[in-house]
Amino acid sequence: MSVLNILRPDFMREESVAQFEDMVGKFLTAHAPESRVAKWRKEGIVERAMWTEAGEAGLLCLMTPEEYGGAGGDYRHEVVLMEAIARRQVSGFAAALHNAIVAPYILHYGSEEQKKRWLPKMASGEWIGAIAMTEPGAGSDLQGVRTTARLDGNQYVVNGQKTFISNGQLADLIIVVAKTDPARGAKGTSLIVVETADAPGFKRGRNLDKVGMEAQDTSELFFDDVRVPTSNLLGLEAGMGFVQLMQQLPQERLTIGIGGVAVIERALDDTIAYVKERKAFGQRLIDFQNTQFRLAECKTEATVARVFIDRLIGLHLEGKLDAATASMAKYWVSELENTIVDTCLQLFGGYGYMNEYPIARMFRDSRVQRVYGGANEIMKVLIARTL
Ligand SMILES: Cc1cc2nc3c(=O)[nH]c(=O)nc-3n(C[C@H](O)[C@H](O)[C@H](O)COP(=O)(O)OP(=O)(O)OC[C@H]3O[C@@H](n4cnc5c(N)ncnc54)[C@H](O)[C@@H]3O)c2cc1C
């Protein structure tokens with residue numbers, strides 16, 4: 001599958017991007033060997049040290065300008081990092097969430113003071129970021145969020161419960177989706193930053209037991225009269241939360257698609273190598289026409305997905321990626337990822353079902369791609385609005 005590199009657009013093949021890719025590869029080889037990642041999987045959480053190591057290597061907040069401690073790069077650098085993490089199966093180290101989902105909210109909607117206060121800590125890895133939208137009673141229907149942030153003098157008093165929050169156990173900074181004016185529905189929704197170090201009333205619940213992505217801490221969070229200064233509101237005024245989410249969610253959805261294509265390519269690489277080695281009925285698995293045809297189909301689909309996702313990365317770099325097209329990438333690539341990984345697992349036979357084989361982990365980790373970041377049905381709702 002690596003031959004596909006030739007299909008990549010020029011903007012991904014520039015010398016500086018290639019050098020960065022090389023640097024990321026060396027970092028992950030040194031800091032995320034399989035033995036260490038296996039330990040994280042066993043413990044259900046990535047060591048905090050990994051975050052500061054990544055910060056020291058300059059791999060956090062890649063798109064954040066240098067004046068706020070970031071690397072001053074662009075989305076291509078995030079693409080390189082998230083592809084390397086996905087290909088190497090460093091699942092659980094949610095740098096893409098921290099860098100390309102949480103930090104951009106602060107960068108785009110934060111005041112100068114907020115950016116200077118939070119971004120350098122996120123860039124160094126001292127602080128780990130999370131975003132808490134989902135609640136036990138509100139996932140797909142975000143307008144149904146019941147967490148409130150009531151104004152009291154120069155503070156907001158936050159009450160509510162969140163669930164399925166990635167980085168929930170580790171997070172030092174959480175962007176909380178809350179109703180500042182419950183009577184106004186979406187227009188009364190705001191994004192409020194909770195700094196967890198000094199937040200009486202804030203509690204982390206269980207680190208949830210998942211089907212896959214075991215190294216990723218995914219948690220319940222509880223807010224019981226948590227007081228935060230009004231200066232922690234993101235945006236110039238309250239009630240802008242929904243607009244801010246709608247503006248940022250396309251990047252989150254593209255990010256899911258990018259990870260999906262990288263996993264597809266890794267799954268095919270592993271499977272092509274395996275079927276050339278493994279023998280049955282006196283011949284290699286690759287010699288069966290069924291194997292050839294299945295993998296020919298997968299390779300074709302992977303190539304189509306690669307070209308599509310790269311085109312969208314290009315559009316995003318130009319600031320032209322719309323919500324519906326990003327939703328297509330999230331929905332279609334994640335479905336394809338599940339289909340291809342399933343086909344690949346089949347070709348591994350019983351070995352494919354053993355967790356010691358990366359294909360087994362890809363199978364378990366991929367499943368959630370169709371659910372989080374907005375269930376694929378919601379993606380179709382968004383696409384259908386443009387018909
Ligand atoms: C591992 C993991 C990590 C996550 N990380 C985060 C995070 O960091 N932050 C965060 O805020 N959330 C996070 N989530 C939550 C995730 O975004 C939600 O699970 C997702 O949006 C779906 O919401 P729900 O689980 O409440 O499902 P529901 O809203 O109950 O929907 C269940 C199913 O119903 C169907 N459905 C719902 N609405 C419609 C509709 N309008 N039309 C047709 N079918 C529909 C879909 O099949 C959907 O999958 C994470 C989830 C997981 C599993």
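The structure this text deals with has already been given above.
Treat the numbers as computed from the prediction; the structure is a model and nothing was measured.

Caption draft 1: Looking closely at empty space enclosed by the protein. Tallied over the entire structure, the rule returns one cavity of 30 Å³ or more. Considering only enclosed or pocket space, the largest cavity measures out at about 30 Å³ in volume. Considering the residues around the largest cavity, the lining is formed by Ala100, Ile101, Tyr105, Gln248, Leu249, Gln251 and Glu252. Elements that contribute at least two residues to the lining of the largest cavity include exactly α5 (95–109) and α7 (241–277). Counting residues per element, the lining of the largest cavity draws most heavily on α7, which supplies four residues. Among the residues forming the lining of the largest cavity, the class breakdown is four nonpolar, two polar and one charged.

Caption draft 2: Geometry of the packing of helix α9 (residues 323–347) against helix α10 (residues 358–366). For the pair α9 and α10, interaxial distance at closest approach is 9 Å and the crossing angle is 155°. Here α10 runs roughly antiparallel to α9, going by the angle between their axes. In this structure, the crossing between α9 and α10 has a hand that is left-handed. When α9 is examined against α10, the residues Glu337, Asn338, Val341, Asp342, Cys344 and Leu345 are found in contact with a partner set consisting of Ile359, Ala360, Met362, Phe363 and Ser366. Looking at the contact of α9 with α10 residue by residue, the classes come out as seven nonpolar, two polar and two charged.

Caption draft 3: Inspection of the site of the ligand at higher detail. For the ligand, the set of nearby residues contains 18 residues, the closest of which are Met133, Thr134, Ser140, Phe164 and Ser166. Between a nitrogen atom of the ligand and a main-chain N or O atom of isoleucine 131, the distance comes to 2.9 Å. Serine 166 is positioned with one of its side-chain polar atoms (N or O) 2.8 Å from a nitrogen atom of the ligand. Here the shell around the ligand takes three residues from strand β3 (residues 155–166), the largest share from any one element. For the shell around the ligand, the residue count by class is ten nonpolar, six polar and two charged.

Definitions and cut-offs
- Residues numbered from 1 in each chain as written.
- Predicted model: local features only at pLDDT ≥ 70, side-chain atom pairs only at ≥ 80, totals over all residues.
- Heavy atoms only, no water.
- 1 Å grid on protein atoms, 1.4 Å probe; cavity = no way out; pocket = protein on both sides within 12 Å on 5 of 7 lines; lining within 4 Å.
- Points joined across faces, edges and corners; volume = space filled by probe spheres on them.
- Helix = DSSP H or I, 4+ residues; strand = E, 2+ residues; numbered from the N terminus.
- Nonpolar A, V, L, I, M, F, W, Y, C, P; charged D, E, K, R; others polar.
- Axes fitted to C-alpha atoms, helices over the stretch in contact; angles between N-to-C directions.
- Parallel < 35°, antiparallel > 145°, perpendicular 65-115°, else oblique.
- Left-handed = near helix turned anticlockwise from the far one by under 90°.
- Contact = heavy atoms within 4.5 Å.
- Near = heavy atom within 4 Å.
- Polar contact = N/O pair within 3.5 Å; in protein donor to acceptor, adjacent residues only side chain to side chain.

Function cannot be inferred from these measures alone, as they are strictly geometric.
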